[in-house]
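Breakdown of the fold
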Amino acid sequence: MARPDYIICLECETEVKDFSWRIGQIHRAKCEACGNDDPDTFSLPEDFEAAVDEAQDEDEDEDEYQDYGDDDEDEGDE
Ligand SMILES: [Zn+2]
């Protein structure tokens, strides 16, 4: 696997270009945004995008939102 242009910090989801690559895996990385430097908490962009795509599938039924109106709030209960 070739070295990606950048990796994703899983702590703050920032793109990190300051990392060293070693035969198919992240060897060292340093996130300037949050200071994270644990290689295990970085993800390759392709892996990260796949996870995001799965999450977005759940947004489909936005149109089913129903407005139940304010009827219950107008009774002047004092
Ligand atoms: Zn970070």
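Residue positions are given per chain, counted from 1 along the sequence in the order it is written. The predicted nature of this model means local features are confined to residues of pLDDT at least 70 and side-chain atom pairs, given and counted, to a pLDDT of 80 or more, with totals for whole chains, interfaces and linings taken over all residues.

What about the overall build of the chain?
A tally of regular secondary structure across the chain gives 1 helix and 5 strands. Beginning at the N terminus, the succession of helices and strands in the chain can be written as β-β-β-β-β-α. Using C-beta atoms placed from the backbone, we call a residue buried if 20 or more other C-beta atoms fall within 10 Å of its own, exposed if 12 or fewer do, and partly exposed for counts in between. In the chain, which comprises 78 residues, the share counted as buried stands at 12%. Considering only contacts in the chain between residues 6 or more positions apart, those separated by 24 or more positions represent 37%. Working definition: helices are DSSP H or I runs of at least four residues, strands are E runs of at least two. Numbering for both runs from the N terminus. C-beta atoms are placed from the backbone for every residue, and two residues are taken to be in contact when these atoms lie within 7 Å.

Digging into unusual backbone geometry
Backbone phi values are negative for most residues with the exception of glycine, while trans is the configuration of most peptide bonds. The backbone of Glu13 shows a phi angle near 60°, a positive value even though the residue is not glycine. Here Glu13 is to be found in the loop between β1 (7–9) and β2 (15–16). The partly exposed category is assigned to Glu13, around which 13 C-beta atoms lie within 10 Å. Of note, the phi angle at Ile23 is positive, near 30°, even though the residue is not glycine.

So, the nonpolar core
In this usage, the nonpolar core is the set of buried Ala, Val, Leu, Ile, Met, Phe, Trp, Tyr and Cys residues whose C-beta atoms join them within 7 Å. Listed in full, the 9 residues of the largest apolar core are Ile7, Ile8, Cys9, Val16, Phe19, Ile26, Ala29, Cys31 and Phe42. Within the residue set of this core, elements represented by two or more residues are β1 and β4 (25–29). Take this core: its biggest share by element is 3 residues, from β1. Non-local contacts of Phe42, meaning those with residues more than four positions away in its chain, are made with Ile7, Ile8, Cys9, Leu10, Val16, Ile26 and Ala29.

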